[in-house]
Amino acid sequence: MNRFFSLRLLAALALAVGAASVAHAEAPKTPSLKVTTLDGGSFDLAQQRGKWVVVNFWATWCTPCIQEMPDISAFVAGRKDVTAIGLAWEDTEKTELDAFAKEHPVKYPLAQVDVYKPLDDFETPRGLPTTYLIAPDGTIAKKFVGPVTGDDLAKAIAAKK
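Since we're looking at a predicted model, the values are computed, not measured. (Residues numbered from 1 in each chain as written. Predicted model: local features only at pLDDT ≥ 70, side-chain atom pairs only at ≥ 80, totals over all residues. Heavy atoms only, no water.)

Q: So what's going on with the pattern of salt bridges? Which residues, and what values?
A: A full pass over the atoms with the stated rule returns 4 salt bridges. We note a salt bridge from Asp81 to Lys161, for which the minimum N-O separation is 3.9 Å. A residue pair is termed long-range when its members are at least 10 positions apart, and Asp81 in the loop between helix 2 (63–77) and strand 4 (82–89) and Lys161 in the segment after helix 4 (150–160) qualify at 80 residues. The class for Lys161 is exposed, based on a relative accessible area of 68%. (Salt bridge = Lys/Arg side-chain N within 4 Å of Asp/Glu carboxyl O. Helix = DSSP H or I, 4+ residues; strand = E, 2+ residues; numbered from the N terminus. Buried < 20%, exposed > 50% of the residue type's maximum accessible area, 1.4 Å probe, protein only.)

Q: Mind laying out the packing of helix 2 against helix 4, listing which residues take part and the relevant values?
A: Helix packing geometry: the angle between the two helix axes and the distance between the axes. Remark: helix 2 packs on helix 4, axes separated minimally by 8 Å, with the N-to-C direction vectors making an angle of 45°. Relative to helix 4, the element helix 2 is oriented oblique. For the pair helix 2 and helix 4, the contacting residues are Asp71, Ile72 and Phe75 in the first and Gly150, Leu153, Ala154 and Ile157 in the second. Partitioned by chemical class, the residues of the contact of helix 2 with helix 4 number 5 nonpolar, 1 polar and 1 charged. (Axes fitted to C-alpha atoms, helices over the stretch in contact; angles between N-to-C directions. Parallel < 35°, antiparallel > 145°, perpendicular 65-115°, else oblique. Contact = heavy atoms within 4.5 Å. Nonpolar A, V, L, I, M, F, W, Y, C, P; charged D, E, K, R; others polar.)

Q: I'd like a description of the environment of Leu128, backed by residues and values.
A: Within the secondary structure, Leu128 sits in the loop between strand 5 (110–113) and strand 6 (130–134). Taking C-alpha positions, Leu128 is 8.0 Å from Pro147, a pair spaced 19 residues apart along the chain. Setting aside residues no more than four positions away along its own chain, Leu128 makes contact with Phe57, Trp58, Ala59, Trp61, Cys62, Cys65 and Trp89.

Q: How would you summarise the packing of aromatic side chains if you had to cite specific residues and measurements?
A: Any aromatic ring pair is given by two values, namely how distant the centres are and how the planes are angled relative to each other. Tallied over the entire structure, the rule returns 5 aromatic pairs. With centroids separated by 6.2 Å and ring planes inclined at 70°, the aromatic side chains of Phe57 and Tyr132 adopt a geometry described as edge-to-face. With Phe57 in strand 3 (residues 52–58) and Tyr132 in strand 6, this pair connects stretches of sequence that are 75 residues apart. Look at Tyr132 and you get buried, because its relative accessible area is 2%. Counting every residue linked through ring pairs, the aromatic cluster contains Phe57, Trp89, Phe122 and Tyr132. (Phe/Tyr/Trp six-rings, centres within 6.5 Å; stacked < 30°, edge-to-face > 60°.)

Q: Report on the nonpolar core, specifying residues and quantitative values.
A: Counting residues in each nonpolar core, the largest one holds 43 residues, and the members touching the most others are Leu33, Val55, Leu87 and Leu133. Among the secondary structure elements, those contributing two or more residues to this core are strand 3, helix 2, strand 4, helix 3 (94–103), strand 5, strand 6, strand 7 (140–145) and helix 4. Aside from chain neighbours lying at most four places away, what touches Leu33 is Phe43, Asp44, Leu45, Val55, Ile85, Leu87, Leu119 and Phe122. (Core = buried A, V, L, I, M, F, W, Y, C linked by side-chain atoms within 4.5 Å.)

So, in structure tokens, the structure goes:
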């Protein structure tokens, strides 16, 4: 191992340890979220009151994210009391995200989140996918880290009713 590589490795480990030791603020009980969707529309979490909302953080390079998208889409399409927003958590060009969305269509809007300016009311994802289930009153009902299925979402909704 050369000296330059060793120094870079040590620096990366120091940053990782330092980042892990920083306390992350928890998401507020009633988060807000206003984003512009990939298709140029807008999504405002506050306007979704009265419905369950699936807030799904994903990335184009995340295999479990890609695998769960059709199931989330089918779940949302099959229920009038549920809506969703997919938040691309990656630093990539919009054209690349648009191409991905055409190849992997879903029944809910997609938006990109600036990884260098995380959302104020949601924790920075520590792993992808990360999904929040927002209750009809706007509070966070459940947080999932890792892949989620329509069955998982249905059980979480049933447990909160």
